[in-house]
Amino acid sequence: MVHGGAGALDNVNNDKEAVRYLEGIRSVLEHGRRILESGGSALETVEQCASLLEDDPVFNAGAGSVLNEDGKVEMDAAIMCGASLKGGAVAGITNIANPIQLARVILAESEHVMLIGSGAQRFADHWNFDFVPDHYFLTSDRVAQWEEAHRTHRMGLDHDDVELLDRMNSDKYGTVGAVARDSKGNLAAATSTGGIVNKRYGRVGDSPILGAGVYADNDTCAVSCTGFGEDFMRTALAKTLSDLIEFKTLDGPAAAREGIAYLARKVNGRGGFILVDKQGYCSAAYTTKKMIHGWIEHGGQTFCGF
Ligand code: ASP
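Here the residue numbers are simple positions, counted from 1 along each chain's written sequence. For this predicted model, a pLDDT threshold of at least 70 governs which residues receive local features, and a threshold of 80 or more governs which side-chain atom pairs are given and counted, while totals over whole chains, interfaces and linings are taken from all residues. Water and hydrogen atoms play no part in the side-chain values, which are based on all heavy atoms of the structure.

(A) Spatial organisation of the sheet that holds strand S1 (residues 2-7). With respect to topology, eight strands assemble into an open sheet ordered S4-S3-S2-S7-S6-S1-S13-S14, the strand pairing being mixed. Of all strands in the sheet, those with a lone pairing partner are strand S4 (114-116) and strand S14 (302-305), marking the two edges. Across this sheet, the average inter-strand angle for adjacent strands is 10 degrees, counted without regard to direction. Two elements, S1 and strand S6 (residues 176-181), share two bridges in a ladder whose sense is antiparallel. Strand pairing follows a simple DSSP-based rule, namely that at least 2 bridges must link the two strands. Numbering of helices and strands runs from the N terminus, with a helix taken as a DSSP run of H or I at least four residues long and a strand as a DSSP run of E at least two residues long. Fitted lines through C-alpha atoms give the axes, limited to the stretch in contact for helices. The angle between two N-to-C directions lies from 0 to 180 degrees.

(B) Fine view of the nonpolar core. Core analysis: the biggest nonpolar cluster contains 46 residues, and Val 2, Ile 25, Ile 79 and Leu 102 have the highest contact counts within it. For this analysis, a nonpolar core means a set of buried residues of the types Ala, Val, Leu, Ile, Met, Phe, Trp, Tyr and Cys, connected via side-chain atoms within 4.5 Å. Burial classes: relative accessible area under 20% of the type maximum marks a residue as buried, over 50% as exposed, and values in between as partly exposed (1.4 Å probe, protein chains only). Residues Ala 89, Cys 221, Ala 222 and Val 276 belong to the second largest nonpolar core, which totals 35 residues.

(C) Molecular detail of the pattern of salt bridges. By salt bridge we mean one thing: a side-chain nitrogen of Lys or Arg within 4 Å of a carboxyl oxygen of Asp or Glu. Applying the stated rule across the entire model yields nine salt bridges. Overlapping salt bridges bring together Glu 44, Glu 47 and Arg 104 as one network.

(D) Quick look at the packing of aromatic side chains. Aromatic pairs are defined between Phe, Tyr and Trp rings, using the six-membered ring for Trp, whenever the two ring centres lie within 6.5 Å; interplanar angles under 30 degrees are classed as stacked, those over 60 as edge-to-face, and all others as tilted. For the structure on display, the rule yields four aromatic pairs. With a centroid separation of 5.6 Å and 50 degrees between ring planes, the pair formed by Tyr 21 and Phe 59 is classed as tilted. Note that Tyr 21 is positioned in helix H1 (residues 16-37) and Phe 59 in the loop between helix H2 (42-55) and strand S2 (75-81), a separation of 38 residues in sequence. Classification of Phe 59 as buried rests on a relative accessible area of 0%. An angle of 35 degrees between the planes, with centres 4.7 Å apart, marks the rings of Trp 295 and Phe 303 as tilted.

(E) Region of interest: the site of the ligand. By convention in this text, a residue qualifies as near a molecule or strand provided that one of its non-hydrogen atoms is within 4 Å of it. Taken together, eleven residues are adjacent to the ligand, and Gly 174, Thr 175, Arg 203, Asp 206 and Gly 227 come closest. As used in this structure description, the phrase polar contact means that two N or O atoms lie within 3.5 Å; if the pair is within protein, one of them must be able to donate a hydrogen and the other to accept it, and residues adjacent in sequence are counted only when both atoms belong to side chains. For the ligand, an oxygen atom lies 2.7 Å from a polar atom in the side chain of Arg 203. With respect to the ligand, the backbone of Gly 229 contributes an N or O atom lying 2.9 Å from an oxygen atom. In this description, accessible areas are obtained by the Shrake-Rupley approach with a 1.4 Å probe, and a residue is regarded as covered only by the protein chains that are shown. When the ligand sits alone it has 270 Å² of accessible area, and the protein chains cover 100% of it. Polarity classes work like this: nonpolar for Ala, Val, Leu, Ile, Met, Phe, Trp, Tyr, Cys and Pro, charged for Asp, Glu, Lys and Arg, and polar for all others, with Gly in that last group. In terms of residue class, the shell around the ligand is built from two nonpolar, seven polar and two charged.

(F) Representation of the environment of Glu 47 within the structure. By secondary structure assignment, the location of Glu 47 is in helix H2. In sequence terms Glu 47 and Val 179 are 132 residues apart; their C-alpha atoms lie 9.4 Å from each other. Pairs of residues are marked as contacts when any of their non-hydrogen atoms sit within 4.5 Å. Residues within four places of Glu 47 in sequence aside, it is in contact with Ile 79, Ile 100, Gln 101 and Arg 104.

So this is what it looks like as C-alpha cells:
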C-alpha cells in the first residue's frame, strides 16, 4: 500500500492533476509488486516505493518538499522493520534527495533509531550519500506556496495551496508512505515528508516518530500516517493501531475503524493512514475529505483512488 497525503484535495478534482497523482501512485504500486513477486523483502519494498514518491515533485517529500518559515526545506522520514522492531529515522534534514534511504542506513548500520539535522548529515557523509543543492527542492510551485503562507503568516499542509490553512481550517496534507507484507509474512512501513508549509524552523512532525506516523510489527500490522502531525503524536496513532490488534485481538480492518474514530474523538485529528495487517489485508481510513492512496491486496488487482 502507498499514500501521497490526505486532505481536501479540492483542487485535483476533474483535472489533469488528479490523473497525475493517481499515475504516480499506480506506478509506484506496480514497482512494489515487482519487488515482492521477485522475492524482495517488505523492508526493501517500502524503502524503494517511498524513494520513488520522494523523487516525484508532486508529493511533499524529497524533491517536492514544502518550505519552512525561512523558505528552506527540512525533511523528516522513518522506516521500520516488523520482524525485528528495528527502526531508522531522520528529522530536520536538508540536501539529501532520499531521506528514507538515509533512515534505512541508520536502521541497518547505527546503534540508534533517530539522527537529526547536522548529525544526520554527518552520518550521511560518512556513508557516502550525495548532497544535492538547495535549488533541487525549490520548484516554482513550492516557492509560490511558501510566499503566500509567509505573507499571510500562516502555517499549512501541503495540499492546501489553494486556500492556505491554519490550525483550524487546514485541510490537505502531502506526506508519502508505504507499507508492505512480503511472502515470508514480514511487515515493514516507511513515511517521508517535508512537513507543513511555513512550519517553524526546527519543527518535527509525526512522520519520523516510531509509533506516531509510522509503525510495523509482524505480530500486528504495518502503518504509515499522513495529516496534521501534532494530532498523530498526541494520540501515538500508529502504535495505537498496532495495540488494537495486539491487545484487543482485532483484525486490521476493525482496528482501522476504531483507530480513526479514536483520532477524531480524542483530538479532532485530521489526516489518515494506510495499514496492512499480519494476514495481508489492506485498510485505509481518514478524517479528511480525501487521501491519495492505493493498494495491491494478496497480489491481486491494483486499487488507486482518493
Ligand atoms: N504528517 C506530516 C507532518 O505533520 C504532514 C503530512 O502528512 O503532510 O509533518
